[in-house]
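Below are the chains, spelled out letter by letter.
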Amino acid sequence: MKKITVSVLSFILLFTSVVLGAGFLTGCSSGGKSSSEPVTLTIWHVYGAQTDSPLNDLIDEFNSTVGKEEGIQVEVTMVSNNKSIHEHILAAANGEPGSSELPDIFCSYPKTVLALPDDDILVDYRDYFTDEELGKHNENFLSEGIIDGRQLILPMAKSTEVTIVNKTLFDRFADATGTKLSDLTTWESLFKTSEKYAKWSGGKSFLVQDFHFNYFQVGTESLGEDFFNETGDGLAFGPAFEKVWEPYARTAVKGGLWLKGGYATEPIRTADAIVSVVSSASILYYSDEVTYSDNTSEKVEYIALPAPVFENGQKLVMQRGGGLCLTKSTPEREKAAVTFLKWLTAPEVNTRFALQAGYMPVTDEAFNDYMPKAIEELTDPAYKSLYDAFLRTYDEYTFYHAPQLKKYLQMETSFEDSVRLCMQDARYRYIESGGSENVDKLISESLNDFKKTFGD
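Worth saying up front: this structure is predicted, and the values here are computed from it rather than measured.

Asker: It is not clear to me how the overall build of the chain should be interpreted in this structure. Could you clarify?
Answerer: Each helix and strand counted, the chain has 18 helices and 15 strands in total. Based on the C-alpha atoms only, the size of the chain along its principal axes is roughly 115 × 50 × 45 Å. In the chain, once contacts between residues fewer than 6 apart in sequence are set aside, the share between residues at least 24 apart is 73%. Summed over all atoms, the accessible surface of the chain reaches about 21400 Å², with 52% contributed by carbon and sulfur. Positive and negative side-chain charges of the chain, numbering 41 and 67 respectively, have mean locations separated by a distance of 2 Å.

Given below as C-alpha cells:
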C-alpha cells in the first residue's frame, strides 16, 4: 500500500509540474494580444498639462478599448513644453548623467531630429505604413517630417500662427481712440496701433509675440527675399530684413512691444499686453480671467484673427506643430506603437483631438469630411473664433515651414536672445533720455548691434 501511495503521489506531482511548465512556456511565448502582461509603451508630449490634456484623455480611451484588446498600454511619462522636451530628448540621446531613457514615442520638430547625435535610433515610418496609408496625410504636413529621405516624424496635428486679442480690453482702448480690429491685419498698422496703445495706457505694451524669429523669417520671405544665407549657416541680412526690422524696432523703443522672455500667455494673463501673435495651439493656455498687479481680476473675452502680413508682401504664414517620433526597440514594441499611432491619426479620432487642442487634423479626409461638422458643434466662443480664423488662413494664405538646416536651432536660440537684448537696450536708452533720444538713430544702431551680436 505504501508503494502504491508513493507511486500515485509521484505521478500527481509529475503531472502537475508538466501542466504548470506547459502553461509557463505558453505564457512566455504568446504575443501581446494573448499574454497576461501587456506591452507598455512610454510617451513624452506637449499637449496640455499632466492632469489636463486632450491627448491624455485619448490615451486613456485607447488603453481601455483597442489597447485592452490588443494587449497594449500607453503610459504618459512626461508632459512639458517643446523646449523642455527637446532638451530632455537630446540629453537622453547623448547619454548625459542623470538623464532619463528615451521614451518609445516623443513629440518632436525637425530641428530636434537634426540635433540628435544619430537619427538612426528612430524608426522610418515607411517600414510600418504603406504608401497608401501615408498618402492619406496632407502632403505638406507629411513632407516636413522627411529627413535625409526617411519619414522620421509622423504628423499628428498641425497649427499655424494667429492673432489672439483680449477683446474686452481692446474694446475699451478702441472706444477711446477710434481703433478698429482691421488695424491688426497688417504688420505696419499693428505696430502703429501698438505705439498708440503704449501712449494711451501710460507705457503698457500692446503686442507680445511668442517667437520673434518667426516674425523676421516669414516676414522677410514674404517680401521675396531669402532669410537665410546661401550656405544655411547664417542670415542674409538683405534690404527686406531691414524693412521688417524698422517697424518692429520703432515699436519696441516706444514701449508697444513686450520684450521679456517666456511665453506670450504670461503678459496676456496679467494684461501687461492685450494682443498676441502665437501658435493657434496656444488657445489651450488662455484663461478667461486676467489678474492685475493689484491682485484684482476680471473676466475677459478672446477672439482670434488670421496672422498679420506686410502690406506689399505675400500672404505667408508659418506652418507649426510638430509630430511624433518612434524610437527603435524591438519588433513587438514597434508594432504595438504603430497600432496606437494608426488609431490616433485615424480621421475621426484625429479630428476630435485637433479641435480640442487648437490644431488642424493631418489627413485630407479628416480636414474635408470631419472638421466642418465638428466646428459647427463647438460651444466655446473662443474656439469658434479660432477656427473661423483657421479656415480663413487655410483658404487665403500659403503655409511656410522652416528649412531643415543643421544650425537652425542654434540660430533660432541666438536670434531670440540677441534681438531681445538689443531692443531692451534701445528701449532703456530711450527712457533714460526722457524720450528725447532720436528714434531713427536708435533703430539704426540697434540693427548694427544685432548683426554684431547674433551668432556669438
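Asker: Looking at this model, I keep getting lost on the sheet that holds strand 2 (residues 72–79). Mind explaining?
Answerer: The pairing of strands in a sheet comes from backbone hydrogen bonds and takes either a parallel or an antiparallel form. An order of 2-1-3-14-6 is seen for the five strands of this open sheet, with the pairing classed as mixed. A single partner strand is all that each edge strand has here, and the edge strands are strand 2 and strand 6 (154–155). Across seven bridges, strand 1 (residues 39–45) lies against strand 2 in parallel orientation. Among the inter-strand pairings, L41 is bridged to a residue of strand 2, identified as V74. Of the strands in this sheet, strand 1 and strand 2 are in contact with helix 2 (residues 54–64), which crosses strand 2 at around 160°. Against the sheet, helix 13 (residues 331–344) contacts strand 1, strand 2, strand 3 (105–108), strand 6 and strand 14 (323–326), and its axis sits at roughly 55° relative to strand 1.

Asker: Explain helix 10 (residues 212–222) here, please?
Answerer: Residue pairs spaced three or four apart in an α-helix point in one direction, given the helix's 3.6 residues per turn. Within helix 10, ten of the eleven residues are buried, which leaves it mostly tucked inside the rest of the structure. Turning to helix 10, its buried residues number three or more, namely H212, F213, N214, Y215, F216, Q217, V218, G219, T220 and S222.

Asker: What exactly am I supposed to notice about unusual backbone geometry here?
Answerer: Residues apart from glycine generally show negative phi values, whereas peptide bonds are mostly found in trans. Phi is positive for D148, close to 55°, though the residue is something other than glycine. Mapped onto the fold, D148 is located in the loop between strand 4 (146–147) and strand 5 (150–151).

Asker: In this structure, what is going on with the pattern of salt bridges? I would like to understand it.
Answerer: Under the counting rule described, the total for this entry stands at 24 salt bridges. D124 is the salt-bridge partner of R126, the closest N and O atoms lying 3.4 Å from each other. Exposure remark for R126: the relative accessible area of 43% places this residue in the partly exposed category. Its salt-bridge partner being K451, residue E242 comes within 3.7 Å of it at the nearest N-O pair. Of this pair, E242 sits in helix 11 (residues 239–253) while K451 sits in helix 18 (residues 439–453), and the two are 209 residues apart along the sequence.

Rules of the game
- Here the residue index of a chain counts from 1 through its sequence in written order.
- This being a predicted model, a pLDDT of at least 70 is required before a residue's local features are given, and a value of 80 or more before pairs of side-chain atoms are given or counted; all residues contribute to the totals for chains, interfaces and linings.
- Hydrogen atoms and water are omitted, and side-chain values are computed over all heavy atoms in the structure.
- Helix and strand definitions follow DSSP, with helices as H or I runs of at least four residues and strands as E runs of at least two, each counted in order from the N terminus.
- Whether two residues are in contact is decided by their heavy atoms: any pair within 4.5 Å suffices.
- Areas reported here follow the Shrake-Rupley algorithm with a probe of radius 1.4 Å; residue values treat only the protein chains shown as occluding.
- Neither His nor the chain ends contribute to the count of charged residues, in which Lys and Arg are positive and Asp and Glu negative.
- Here the site of a charge means NZ on Lys, CZ on Arg, CG on Asp, or CD on Glu.
- A pair of strands counts as paired when DSSP detects no fewer than two bridges linking them.
- Where helices are involved, their axes are fitted lines through C-alpha atoms of the stretch in contact, as for all axes, and angles between N-to-C directions lie from 0 to 180°.
- For the exposure calls, accessible area comes from a 1.4 Å probe over protein chains only, and a residue counts as buried if that area is under 20% of its type's maximum, exposed if over 50%, partly exposed in between.
- In the sections that follow, a salt bridge refers to a side-chain nitrogen of Lys or Arg positioned within 4 Å of a carboxyl oxygen of Asp or Glu.

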